[in-house]
Amino acid sequence: MKPVYIQESFEQDWVRMFQNIANLFFEETEMVKEEPEDGVSVTFHWSEEGGIIRGRAMLRDGGLEYTAAYEEESAHCGDPKAEKRQLKRVLSHVFLDVLEQSTGLIQPWGILTGMRPTKLYHKMRREGLTHEEISERLISDYRITPEKIELMKDIVARQLKMIPDLDQIGEEVSVYIGIPFCPTKCAYCTFPAYALPRRGTRVQSFLDGLHVEIEEIGAWLKERGIKVTSVYFGGGTPTSIEAHEMDALYETLYKSFPDIENVREITVEAGRPDTITPEKIDVLKKWNIDRISVNPQSYTDETLKAIGRFHTVQETIDKFHLSRDMGMNNINMDLIIGLPNEGTEEFAHSLAETEKLQPESLTVHTLSFKRASEMTRNRSKYTVADRDTVVDMMHMAQNWTARNGYVPYYLYRQKNILGNLENVGYSKPGEESIYNIVIMEEVQTIIGLGCGASSKFVNPETGRITQFHNPKDPSAYILSYSESIDKKIEMLDELFGGAVTAK
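Please read all numbers here as calculations on a predicted model, not as lab measurements.

A. Structural view of the overall build of the protein chain. When you go through the protein chain residue by residue, the secondary structure sums to 15 helices and 18 strands. A compact globule built from 503 residues would reach a C-alpha radius of gyration of about 23 Å, and the protein chain, at 24 Å, matches this within 12%. Within the protein chain, the fraction of its 503 residues that count as buried is 57%. Long-range contacts, defined as pairs at least 24 residues apart, comprise 72% of the intrachain contacts of the protein chain with a sequence gap of at least 6.

B. View of helix α13 (residues 387-403). Given a rise of 1.5 Å per residue, 17 residues ought to cover 24 Å, and the 25 Å separating the end C-alpha atoms of α13 matches this to within 8%. Taken together, the buried positions of α13 are Val390, Met393, Met394, Ala397, Gln398, Trp400 and Thr401. One or two residues past the end of α13 sits glycine 405, with phi positive at roughly 80°.

C. Summary view of the pattern of salt bridges. One pass over the structure, following the stated rule, counts 32 salt bridges. A salt bridge links lysine 148 to glutamate 422; the shortest N-O distance between them is 2.9 Å. On the criterion of sequence distance, the pair formed by lysine 148 in helix α5 (residues 146-162) and glutamate 422 in the loop between β14 (407-412) and β15 (423-427) is long-range, its members being 274 residues apart. Taking relative accessible area as the criterion, lysine 148 reaches 4% and is therefore assigned buried. Through salt bridges with shared partners, one network takes in Glu11, Asp13, Lys84 and Lys88.

D. Looking closely at helix α6 (residues 202-224). In a regular helix each residue adds 1.5 Å, so 23 residues correspond to 33 Å; α6 covers 33 Å between its end C-alpha atoms and thus fits that length. Where α6 terminates, the next one or two residues include glycine 225, which has phi positive at roughly 65°.

E. Local environment of the packing of α6 against helix α7 (residues 243-256). Where α6 meets α7, the axes come as close as 8 Å, and the angle between the chain directions of the two elements is 15°. Judged by the angle between their axes, α6 and α7 are roughly parallel. Where α6 crosses over α7, the two elements pack in a sense that is right-handed. Taken together, the residues of α7 that come into contact with α6 (itself represented by Val203, Gln204, Leu207, Leu210, His211, Ile214, Glu215, Gly218, Ala219 and Lys222) are Glu245, Ala248, Leu249, Thr252, Leu253, Lys255 and Ser256. In terms of residue class, the contact of α6 with α7 is built from 8 nonpolar, 5 polar and 4 charged.

F. Just the environment of glutamate 8, in detail. Locating glutamate 8 in the fold gives a position in the loop between β1 (2-6) and α1 (12-22). As a C-alpha pair, glutamate 8 and lysine 33 span 25 residues in sequence and 10.0 Å in three-dimensional space. Not counting chain neighbours up to four residues away, the residues in contact with glutamate 8 comprise Val42, Thr43, Phe44 and Trp46. In this structure the side chain of glutamate 8 is engaged in a polar contact, spanning 2.9 Å, whose partner is the backbone nitrogen of phenylalanine 44.

G. How the structure looks around the sheet that holds β1. Reading across from one edge, β2-β1-β3-β4-β5 is the order of the 5 strands in this open sheet, with mixed pairing throughout. Looking along the sheet, the strands with just one partner apiece sit at the ends: β2 (29-32) and β5 (64-73). The average angle at which neighbouring strand axes cross in this sheet is 25°, direction not considered. The pairing of β1 with β2 spans 4 bridges and is parallel. By the bridge assignment for β2, valine 4 is matched with methionine 31. Against the sheet, α1 makes contact with β1, β2 and β3 (40-49), and its axis sits at roughly 145° relative to β2, the strand it touches most. Contacts from helix α2 (residues 80-103) reach β3, β4 (52-61) and β5 within the one sheet, and its direction differs from that of β5 by about 150°.

H. Structural context of the packing of helix α3 (residues 117-126) against α5. Between α3 and α5, the least distance of the axes is 10 Å, while the angle of their chain directions is 70°. On the basis of their axis angle, the class for α3 and α5 is roughly perpendicular. Facing Pro117, Thr118, Tyr121, His122 and Arg125 of α3, the residues of α5 in contact are Met152, Lys153, Ile155, Val156, Gln159 and Leu160.

I. Geometry of the pairing of β4. Alignment of β3 against β4, held across 10 bridges, turns out to be antiparallel. Residue pairing across strands places phenylalanine 44 opposite alanine 57, the latter belonging to β4. Between β3 and β4, which pair antiparallel one after the other, the connecting turn spans 2 residues, and glycine 50 there sits at a positive phi close to 60°. As judged from the 10 bridges shared by β4 and β5, these two strands associate in the antiparallel manner. Looking across to β5, one finds that alanine 57 is bridged to alanine 68.

J. Local environment of the packing of aromatic side chains. As enumerated under the stated definition, the model contains 19 aromatic pairs in all. Here the aromatic residues Phe10, Trp14, Phe18, Phe44, Trp46 and Phe95 are joined through ring pairs into a cluster of three or more. Of note, lysine 428 hangs over the ring of tyrosine 406, and the distance from its end group to the ring centre comes to 4.3 Å.

K. Structural detail: the side chain of serine 433. Tracing the backbone through its elements, the reader meets serine 433 in the loop between β15 and α14 (434-441). One polar contact links serine 433 to glutamate 265, side chain to side chain, over a distance of 3.4 Å. Setting aside its immediate chain neighbours within four residues, serine 433 contacts Glu265, Arg291 and Tyr409.

L. Local environment of a negative patch on the surface. Together, Glu215, Glu216, Glu483 and Asp486 make up a negatively charged patch on the protein surface. Among the elements of the structure, α6 and α15 (474-496) are those that each provide at least two residues to the negative patch. Here glutamate 215 lies in helix α6.

Here is what the cut-offs are and how they apply
- Residues numbered from 1 in each chain as written.
- Predicted model: local features only at pLDDT ≥ 70, side-chain atom pairs only at ≥ 80, totals over all residues.
- Heavy atoms only, no water.
- Helix = DSSP H or I, 4+ residues; strand = E, 2+ residues; numbered from the N terminus.
- Rg over C-alpha atoms; globule rule 2.2 N^0.38 Å.
- Buried < 20%, exposed > 50% of the residue type's maximum accessible area, 1.4 Å probe, protein only.
- Contact = heavy atoms within 4.5 Å.
- Expected span 1.5 Å × (residues − 1).
- Salt bridge = Lys/Arg side-chain N within 4 Å of Asp/Glu carboxyl O.
- Axes fitted to C-alpha atoms, helices over the stretch in contact; angles between N-to-C directions.
- Parallel < 35°, antiparallel > 145°, perpendicular 65-115°, else oblique.
- Left-handed = near helix turned anticlockwise from the far one by under 90°.
- Nonpolar A, V, L, I, M, F, W, Y, C, P; charged D, E, K, R; others polar.
- Polar contact = N/O pair within 3.5 Å; in protein donor to acceptor, adjacent residues only side chain to side chain.
- Pairing = 2+ DSSP bridges.
- Phe/Tyr/Trp six-rings, centres within 6.5 Å; stacked < 30°, edge-to-face > 60°.
- Lys NZ or Arg CZ within 6 Å of the ring centre and 35° of its normal.
- Patch = residues over 30% accessible without salt bridge, like charges linked within 9 Å, V, L, I, M, F, W, Y side chains within 5 Å.
- Areas by Shrake-Rupley, 256 points an atom, 1.4 Å probe, with all protein chains shown as cover.
- Lys, Arg positive; Asp, Glu negative; His and termini not counted.
- Charge placed at Lys NZ, Arg CZ, Asp CG, Glu CD.

Interpretation note: all reported values are geometric properties and have no functional meaning in isolation.
Structural data, given as structure tokens:
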């Protein structure tokens, strides 16, 4: 734990910002109120004069001092919120600078600590800036490295090729349907995922509520003539439930949603190989669903045991071939960089095994210590790769995907992610997930149904986002889904106003 002392008094949102930046350099930090004997002490100074905002920082660590200065032209005169954001950026610059000096670490994402870097690129693109102008601003305003800017450019280009109407898609909606059950809960997971009870009434009671949610939201969509872009079944693991239960859900979906045959994409996460059966694949085929996930995470059996996944590597391979042989034509696989006791050798093996299968898409995650996960609560039990090794593995993934004909098409970042890296979705050209793009770029409303599902209501004119969360626990969901439906319909009415004519 690295103590960090800031001499000046700041509001709590500023303190969180400084701590997020400090966490990029140290495994864990604690913001303290008195200058520590063994820690980091920082002093800030700032001023505005002649239309220029100037910031300075001095950092003391172990008897050494480091200083940095940065200035920006004031661009938001008279707008207090915008002025505050700009001052935050100026002080973030100098804080990052002195931390880089003191640690010798260069942060490739600069001062960005948020999830969605490409959303920033899209914003500048919509303002009419060229790539060169965007690059200059990302370097000067945010300290992002040219390598990451090129990655952002490539991803944005793929997204616009896959969804040419990306800037207008806010007139439509997508739907996320959360099934909160899994065979077991992975050590790194914080999703609403509950070990599947055998059998009890909880699963059926949850499904009864979910059917009602689908019917009610479908009726609202039909009444308003609003198109659905994509539907994504997530969780948990949606294939944890029985084949006949899946069949009934899809039947309700097809009966309830408008023009469902022309929805651009329906995805079902079958991420846990131990939930995939011929009967369930037959159900997917019956409803013309061929986009699924079969997620190995690692091709080392010892790793799978360590993280609480009780399937084997061979079962992953077998279930991939079963899915392919039965007509699943768009299969995604996930790999995680930095799992316990894994280094470049183990990750090279995972890439080599993936190469034999050639899934249509591959998402490469970097391990993140999420606050509520078992792995974070018992962090001392898990030995993970150091920063340099994690960076090497990310470069291995980049080189492997390029050699095998995959292109990057979305990325997102998380707090406490190893190496301050990112999660990147790669695909064969033309096989990109529409849902992954629209949710990461926040370009349209996502209506969340089911347990733990988050709805994001995106105003198509202003981009303003309002969120609503269904309960994560199945028991709470069963008791409250009716009220959740009413609240979401109320928020949808406010957002879309009068009826929209289907196009």
